[in-house]
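Results of the structural survey
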There are 2 protein chains.
Amino acid sequence: MDTAEFRRRGKEMVDYVADYLENIEKRQVYPDVEPGYLRSLIPEEAPEQPETYEDVVKDIERVVMPGITHWHSPYFFAYFPTANSFPAILADMLSGAIGCVGFSWAASPACTELETVMLDWLGKMLNLPEEFLAGTKGKGGGVIQGTASEATLVALLAARCRMVKRILSDDPERPEADIISKLVAYSSDQAHSSVERAGLIGGVRMRKIPSDSKFSVRGEALRKVLEEDKAAGLIPFYFCATLGTTPSCAFDYITEIGPICNTEGIWMHIDAAYAGSAFICPEFRPLLDGVEFADSFNFNPHKWLLVNFDCSTMWVKNRTDIIAAFKMDPLYLKHDHQESGIHTLHTHTHTHTHSICHWQIPLGRRFRSLKIWFVFRMYGLRGLQDHIRKHVALAKEFEALVRVDERFQISAEVVLGLVCFRLKGSNDLNEALLKRINSARRIHLVPCQLSGRFVLRFAVCARTTESRHVQEAWAHITQLATELLRHVER
Amino acid sequence: MDTAEFRRRGKEMVDYVADYLENIEKRQVYPDVEPGYLRSLIPEEAPEQPETYEDVVKDIERVVMPGITHWHSPYFFAYFPTANSFPAILADMLSGAIGCVGFSWAASPACTELETVMLDWLGKMLNLPEEFLAGTKGKGGGVIQGTASEATLVALLAARCRMVKRILSDDPERPEADIISKLVAYSSDQAHSSVERAGLIGGVRMRKIPSDSKFSVRGEALRKVLEEDKAAGLIPFYFCATLGTTPSCAFDYITEIGPICNTEGIWMHIDAAYAGSAFICPEFRPLLDGVEFADSFNFNPHKWLLVNFDCSTMWVKNRTDIIAAFKMDPLYLKHDHQESGIHTLHTHTHTHTHSICHWQIPLGRRFRSLKIWFVFRMYGLRGLQDHIRKHVALAKEFEALVRVDERFQISAEVVLGLVCFRLKGSNDLNEALLKRINSARRIHLVPCQLSGRFVLRFAVCARTTESRHVQEAWAHITQLATELLRHVER
């Protein structure tokens, strides 16, 4: 494909993308295919000779689309949202063309620098404490990770390193393996499975703190566990607080937990993967109060801030804590430069343009900050706030509908764009309802379990979801519920 | 931005991308900016109100381009290549529009399934042993990771888990921390720094095996270290072999190392990040002989196979080894599904469409296999082979130029697209030459260190590099060398 053909095909693809998103609500939101459907639709081997673009493009509808769960359909209410906006798609086209691999400042200065400045922009939008910003002289700063799972892991590794060093400075003879075997990390029993997984990867003990009746961890619950563990000779080193849990969007009490962590020398990381975007609205910012006690904070603009995947933003108070976790001290760095033949030209890296590869698991990275820059400028803070507020209002609208139908109950407080609800009745009944909903394929939901109860989650997801979609969804759900209850009574 | 505006702006962006790539050689390959250049060029905060697209787009040339290292300029000979092709950019636009997050089969069946089939296609192109393919009934299979660093880490974690389990099955009372403190992982002293970093993350000892005079690890060198370590009570569990090292593109002798690893129960992972793409050519496939002894194999199509970043392909012989490393056994999985409210609909996941999130560090993922599908079909195997062969031929052409100039020497065998060379003389002299080259900004190179010598690396990188660029580069280098030598003699 030469440049001339790319000009033509690229413009066709722009139209295909526009058509797809413009007409997405006419597509069935969840596919009909069975596992293994795709293999038989395409050859077993790559072609020896080139095929034409027409050959490829006609297979999009024949092979790919029948197996797509349409996350951007306004009838998609499952999981949490994933972002999609036109400015982000445009920025990503540019990122693909530039195609730099930003593992160091020299590898593409703009890539590192725009990222640092965008994380300051976003930090200011969230009204993060000054310490988290890179500014021109701070010790903190932000970085884009691929996913919240990576941020959780990076924070855990930094915390592990900090605690090991601290203990070794008091007791240089103590074997590192002995220290690590005593370390214990904590999270809510409502926390995402990636937190437990970070513990597994880091080879440390992980303990879940019981949440309260509103699915939040209180300071008292943490304190009780800490006392048990310290009495047993363990070394608490990391607490991953969740703001906006996956099951029910519950918020841990970081104003209570934070001071305890600070006193005990425990690294507090905040995972606000979904909810974090809402904190750009002053009315939701109080949910982030207590962030001043945190060592690191992360959320996913790729969920709810209109920046396409992947873009998970993470701030730390002290960059050197993160860098130390990967043992990239100046000496090693220098050695590394000489040995590997890369990053060599700019060993004089300025603190504020420090090679970002020392903040993350992968070495390479796309030019992801372009997406943030395009989206923030073309929406403006006001436009982004409008997007958040619209989704929250739609969730409240759905909640109100549920509340007037006496057959149903709300299962958790509705704070942002997620409504947890269920039929009054058994888990089996609710499981049967969900099965009917998802089998009908008109909308798509996933469940969760709260206090042993099977609960349906209704998350406002698509950028284009409007009141009529929520109303239609509820009419559909109640109709299926009526049919189900009639069937059960028989 | 509404759909109508996206149609217009998207087409303008296609033209911008086409213009950028068509005229890239007229741009200065390496930028003039100093660290911190960007911050002063843009506002300190995100705008309150939306800006127009014109505002944004004019800043591409004003703010971004002055800080770009142009990786796709035919005068870029630094690091290793990173891929860029029109079919991949088109596929990525589609991926952005679909915007699914493929963490489970149900989250978008096509995303998981196309990936599995594409990895089989590519595995067949490489003539990988059948055991590495998913096929319809195998135990092995492939997955796309973000980077080779992640693949190295995932393999190390799987190896750690396998060895711990094996030892616990013989001696169930032995503390896990004691086992982990005795584990030792190995790689060449030429291996990429990400291997050492994987050891740090996994909390295991890491030891470098001395390479021979051609910068390759031989079986004998490994055997010697293993004997020492076993005698010291350590437990060897992981060897990361490199095919195509970063400094000089050297190849470890996996036909010698592999049988030792198999006998000793050591997991052999192969990191062929750069060189792997070449193995689709029958004449280079012998470099992969011995892969039959490996437990896992990884390379980056996003380096040299025309699939834009990120696309790092990894195959394992036994999928359950990887899944076990993240302790995602069926019971836990089931628990996880109920708790998190995600992945719930398809707990009956077929073995061949197993949720890919259990193979990797991040949970979410873009629809990356679309890029492979577009590129492989539009180039065909033949077109991809032509691309590899052209780059190797250009490297040989450069090598021949170096060899006829008696002031220079070749520092390592030229096997693929990388030439390591230097002026006969001191390290300082060569460092001075590199400085002159990079200061002139006409081409871009990075150095490496081989056996204590400062060496210049000339890597053929851009898709559009032709003989004339190589000839010009050499004329330029020799002219600068002449000036330098004249200056030194004075």
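Under an unreviewed UniProt entry, chain A has the name Aromatic-L-amino-acid decarboxylase and belongs to Pygocentrus nattereri. Its UniProt record gives chain A the following Cofactor (unreviewed entry) comment, quoted word for word: "pyridoxal 5'-phosphate". Recorded in UniProt for chain A, the comment headed Pathway (unreviewed entry) runs: "Catecholamine biosynthesis; dopamine biosynthesis; dopamine from L-tyrosine: step 2/2."

Quick notes on the relation of the copies chain B and chain A
For these two chains of identical sequence, chain B goes onto chain A by a turn of 180 degrees and a shift of 0.0 Å along the axis, with RMSD 0.0 Å. Look at the turn and shift together and you get a two-fold axis relating the two. By C-alpha distance to the rotation axis, the residue of chain B lying nearest is Lys11(B), at 2.6 Å.

Description of the interface of chain B and chain A
Chain B puts 153 residues into the contact, and the matching count from chain A is 153 residues. In total, about 13,400 Å² of surface goes out of reach between chain B and chain A, with carbon and sulfur atoms giving 63% of it. Counting the surface chain B buries against chain A, the share from its top three residues, Arg39(B), Arg197(B) and Arg377(B), is 6%. Residue Arg382(A) is joined to Glu48(B) by a salt bridge in which the shortest nitrogen-to-oxygen separation is 2.5 Å. Inspection of the chain B/chain A interface yields 56 residue pairs in polar contact (both at pLDDT 80 or more). Here the side of chain B that touches chain A takes 16 residues from helix α1 (residues 3–22) of chain B, the largest share from any one element. Across the side of chain B that touches chain A, the residue classes tally to 80 nonpolar, 42 polar and 31 charged.

A short note on the environment of Arg218(B)
All names here are of chain B. Positionally, Arg218 belongs in the loop between β3 (205–209) and α8 (219–231). Each C-alpha atom of the pair Arg218 and Asp252 lies 6.6 Å from the other, and the pair is 34 residues apart in sequence. With residues up to four places along the chain from it excluded, the contact list for Arg218 reads Asp212, Tyr253, Glu256 and Ile257. In terms of polar contacts, Arg218 uses its side chain to reach the side chain of Tyr253, at 3.3 Å.

Some points on the sheet that holds strand β2 (residues 183–188) of chain B
All names here are of chain B. With mixed pairing, the 7 strands of this open sheet are ordered in space as β1-β7-β6-β5-β4-β2-β3. Taken across any chain shown, the strands that pair with only one partner, and hence form the sheet edges, are β1 (141–145) and β3. The average undirected angle you get between the axes of adjacent strands in this sheet is 20 degrees. With 5 bridges connecting them, β2 and β3 associate as parallel partners. Looking at the pairing, Ala185 lines up with Met206 of β3. On top of the sheet, helix α5 (residues 148–170) reaches β1, β2, β3, β4 (235–242), β5 (267–271), β6 (296–299) and β7 (312–316); it is set at about 155 degrees to β4, its chief contact. Against the sheet, α8 contacts β2, β3 and β4, and its axis sits at roughly 145 degrees relative to β3.

Concerning the pairing of strand β11 (residues 453–459) of chain A
All names here are of chain A. Extensive coverage of β11 is indicated by the burial of 6 of its 7 residues. With 4 bridges connecting them, strand β9 (residues 418–423) and β11 associate as antiparallel partners. Looking at the pairing, Phe421 lines up with Leu456 of β11. By the bridge criterion, 5 bridges tie strand β10 (residues 446–450) to β11 in an arrangement that is antiparallel. Considered in β11, the bridge of Pro447 is made with Leu456. The turn linking β10 back onto β11 is made up of 2 residues, and Ser451 within it adopts a positive phi angle of 50 degrees.

Quick look at helix α7 (residues 193–202) of chain B
Residues and elements named next belong to chain B. Within α7, 8 of the 10 residues are buried, which leaves it mostly tucked inside the rest of the structure. Along α7, the positions that sit buried rather than exposed are Ser193, Ser194, Val195, Arg197, Ala198, Gly199, Ile201 and Gly202. Gly203 occupies a position one or two residues after α7 and carries a positive phi of about 65 degrees.

Concerning the UniProt feature "modified residue: N6-(pyridoxal phosphate)lysine" (unreviewed entry) in chain A
Residues and elements named next belong to chain A. The UniProt entry lists Lys303 under the feature "modified residue: N6-(pyridoxal phosphate)lysine" (unreviewed entry), expressed in the numbering used here. With respect to the helices, strands and loops of the structure, Lys303 is situated in helix α10 (residues 301–304). Setting aside residues no more than four positions away along its own chain, Lys303 makes contact with Phe80, Pro81, Thr82, Ala83, Ala273 and Tyr274.

What about the pattern of salt bridges?
Counted by the stated rule, this structure contains 76 salt bridges over all chains. Glu256(A) serves as the salt-bridge partner of Arg218(A), at 2.4 Å between the closest nitrogen and oxygen. Residue Arg218(A) is found in the loop between β3 (205–209) and α8 (219–231), and its partner Glu256(A) is found in helix α9 (residues 254–264); the two are separated by 38 residues along the sequence. Salt-bridge contacts for Asp405(B) lead to Arg407(B); the nearest nitrogen and oxygen are separated by 2.9 Å. Members of the salt-bridge network, linked through shared partners, are Arg7(A), Lys11(A), Asp15(B), Asp19(B) and Glu22(B).

Observations regarding the pairing of β9(A)
Regular strands place side chains that alternate from one sheet face to the opposite one. Residue and element names in this part refer to chain A. Burial runs high along β9: 6 of the 6 residues are buried. Both faces of β9 are covered, namely the face carrying Leu418, Cys420 and Arg422 and the face carrying Val419, Phe421 and Leu423. Where strand β8 (residues 408–410) and β9 come together, 3 bridges link them in antiparallel fashion. Bridge assignment links Ile410 to a residue of β9, and that residue is Phe421.

Describing the environment of Gln385(B)
All names here are of chain B. When you line up the elements, Gln385 lands in helix α13 (residues 369–404). A relative accessible area of 7% means that Gln385 is categorised as buried. Sequence separation between Gln385 and Phe279 is 106 residues; the distance between their C-alpha atoms is 9.2 Å. Ignoring any residue separated from it by four or fewer positions in sequence, one finds Gln385 in contact with Ile280, Cys281 and Pro282.

Re α8(B)
Residue and element names in this part refer to chain B. In this model, α8 (13 residues) spans 18 Å end to end at C-alpha, consistent with the 18 Å of a helix rising 1.5 Å per residue. Looking only at α8, the buried set comprises Gly219, Leu222, Val225, Leu226 and Asp229. The arc that holds every buried residue of α8, seen down its axis, measures 130 degrees, which confines them to one face. For α8, the exposed residues lying more than 90 degrees away from the buried face are Glu220, Lys224 and Ala231. Immediately beyond the C-terminal end of α8, within one or two residues, lies Gly233, with a positive phi of roughly 85 degrees.

So, the packing of α8(A) against α9(A)
Relative orientation and spacing of two packed helices are given, respectively, by the angle between their axes and the distance between those axes. All names here are of chain A. At a minimum axis separation of 8 Å, α8 and α9 run at an interaxial angle of 25 degrees. By the criterion of interaxial angle, the relationship of α8 to α9 is roughly parallel. Residues Gly219, Glu220, Leu222, Arg223, Leu226 and Lys230 of α8 form the contact with α9, whose participating residues are Glu256, Ile257, Ile260, Cys261 and Glu264. Residue composition of the contact of α8 with α9, by class: 5 nonpolar, 1 polar and 5 charged.

Points about the sheet that holds β11(A)
All names here are of chain A. An order of β8-β9-β11-β10 is seen for the 4 strands of this open sheet, with the pairing classed as antiparallel. Each edge of the open sheet is held by one strand with a lone partner, namely β8 and β10. For this sheet the average axis-to-axis angle between neighbouring strands, irrespective of direction, equals 40 degrees. Packed onto the sheet, helix α13 (residues 369–404) meets β8, β9 and β11 and runs at close to 15 degrees relative to β9. Lying over the sheet, helix α15 (residues 467–489) contacts β8, β9 and β11, oriented at roughly 20 degrees with respect to β9.

Some words on the packing of α1(B) against helix α2 (residues 53–64) of chain B
All names here are of chain B. Where α1 contacts α2, the axes come no closer than 13 Å and their chain directions differ by 10 degrees. In terms of orientation, α1 and α2 fall into the roughly parallel class. Residues Glu5, Arg9, Glu12, Met13 and Tyr16 of α1 form the contact with α2, whose participating residues are Tyr53, Glu54, Ile60 and Glu61. Residue classes in the contact of α1 with α2 are distributed as 4 nonpolar, no polar and 5 charged.

Points about the packing of aromatic side chains
Throughout the structure, instances matching the rule amount to 42 aromatic pairs over all chains. Ring geometry for Phe398(B) and Phe421(B): centres 5.3 Å apart, planes at 70 degrees, overall edge-to-face. Placement of the pair is Phe398(B) in helix α13 and Phe421(B) in strand β9 (residues 418–423), with a sequence separation of 23 residues. With respect to burial, Phe398(B) and Phe421(B) carry one shared label: buried. What links up through ring pairs into an aromatic cluster is the set Phe77(A), Phe398(A), Phe408(A), Phe421(A), Phe458(A) and Trp474(A). For the cation-ring pair, Arg218(B) lies above Tyr253(B), with the distance from its terminal atom to the ring centre recorded as 3.7 Å. For the cation-ring pair, Arg457(B) lies above Phe80(B), with the distance from its terminal atom to the ring centre recorded as 4.8 Å.

What counts and what doesn't
Residues numbered from 1 in each chain as written. Chains lettered and ligands numbered in written order. Predicted model: local features only at pLDDT ≥ 70, side-chain atom pairs only at ≥ 80, totals over all residues. Heavy atoms only, no water. UniProt positions renumbered as here; feature names shortened; annotations may be inferred. Least-squares fit on C-alpha atoms with pLDDT ≥ 70 in both. Contact = heavy atoms within 4.5 Å. Buried area = accessible area lost by both parts, 1.4 Å probe. Salt bridge = Lys/Arg side-chain N within 4 Å of Asp/Glu carboxyl O. Polar contact = N/O pair within 3.5 Å; in protein donor to acceptor, adjacent residues only side chain to side chain. Helix = DSSP H or I, 4+ residues; strand = E, 2+ residues; numbered from the N terminus. Nonpolar A, V, L, I, M, F, W, Y, C, P; charged D, E, K, R; others polar. Pairing = 2+ DSSP bridges. Axes fitted to C-alpha atoms, helices over the stretch in contact; angles between N-to-C directions. Buried < 20%, exposed > 50% of the residue type's maximum accessible area, 1.4 Å probe, protein only. Expected span 1.5 Å × (residues − 1). Arc of directions from axis to C-beta. Parallel < 35°, antiparallel > 145°, perpendicular 65-115°, else oblique. Phe/Tyr/Trp six-rings, centres within 6.5 Å; stacked < 30°, edge-to-face > 60°. Lys NZ or Arg CZ within 6 Å of the ring centre and 35° of its normal.

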